[in-house]
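# Fold and contact review
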Amino acid sequence: MNEDKEIEKILLNDEEYDNFVNRKTEQDFEKELENSGSQSMCTEDFKSVPKGKLFSKNTLYSVINKTSKTKSYINGIQAEGFLGSQEIVRDNFLTKKVDSFVAGDMYIKFYKYKG
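Owing to the predicted nature of the structure, the values given are computational and were not obtained by experimental measurement. Per-chain numbering applies: the sequence of each chain, read as written, is numbered from 1 onward. Where local features are concerned, this predicted model is filtered to residues with pLDDT of at least 70; where side-chain atom pairs are given and counted, the filter is 80 or more; whole-chain, interface and lining totals use all residues. Each side-chain value is worked out from all heavy atoms of the structure, with water and hydrogens disregarded.

### Notes on the pairing of strand β5 (residues 106–114)
- Here 2 bridges tie strand β1 (residues 42–43) to β5, and the two strands are oriented antiparallel to one another. By the bridge assignment for β5, T43 is matched with Y113.
- In this structure, strand β4 (residues 100–103) lies alongside β5, joined through 4 bridges in antiparallel fashion. Across the sheet, A103 pairs through a bridge with M106, a residue of β5.
- With antiparallel pairing between neighbouring strands as the criterion, β4 and β5 make up a hairpin whose turn holds 2 residues, including G104 at a positive phi of roughly 65°. Whether two strands pair comes down to DSSP finding at least two bridges between them. Only runs of H or I of at least four residues qualify as helices and only runs of E of at least two qualify as strands under DSSP, and these elements are numbered from the N terminus.

Dropping the structure here:
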């Protein structure tokens, strides 16, 4: 019962909830990378990520829904799917002219790479 009150308290405080979701996402990302056997660098510097790794499962992107104002995270494979047929945007992204793009109501931005 006490645990339910704590969860309710967290859900009622948007900042605490966002922090909780961010920590959980980071933990899941780290666990997934550990399971895949990846033991290399971790960077938040978009320009230092190898071009071929921008859309890999080892890359994390933040997604902000402009309509509902919610934030979530996806991997690079999912981010590439959001690009669809936006070839000019894809080219600008791969040449590292931009580190984010818009897909419908979603704003998608590079967050982190570990590989």
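### A closer look at the environment of Y113
- By the secondary structure assignment, Y113 is in strand β5.
- Separated by 64 residues in the primary sequence, Y113 and V49 have C-alpha atoms spaced 6.9 Å apart.
- Residue contacts are counted whenever heavy atoms from the two residues lie within 4.5 Å of one another. Once residues within four sequence positions are removed from consideration, Y113 is found in contact with M41, C42, T43, V49, P50, K53, S56, N58 and T59.

### Some remarks on the pattern of salt bridges
- Whenever Lys or Arg places a side-chain nitrogen within 4 Å of a carboxyl oxygen from Asp or Glu, that contact is recorded as a salt bridge. Within the structure shown, the criterion is met by 3 salt bridges.
- Between R90 and E80 there is a salt bridge, with the nearest N and O atoms lying 3.1 Å from each other. Placement of the pair is R90 in helix α4 (residues 87–94) and E80 in helix α3 (residues 76–83), with a sequence separation of 10 residues.
- Buried, partly exposed and exposed residues are distinguished by accessible area as a fraction of the type maximum, computed with a 1.4 Å probe on protein chains only: under 20%, between the cut-offs, and over 50%, respectively. What makes R90 buried here is its relative accessible area of 13%.
- When its relative accessible area of 34% is taken as the criterion, E80 is described as partly exposed.
- R90 is paired through a salt bridge with E87; the nearest N and O atoms lie 3.7 Å apart. Here E87 and R90 lie together in helix α4, a separation of 3 residues that amounts to about one turn.
- Here E87 falls in the partly exposed class, since its relative accessible area comes to 44%.

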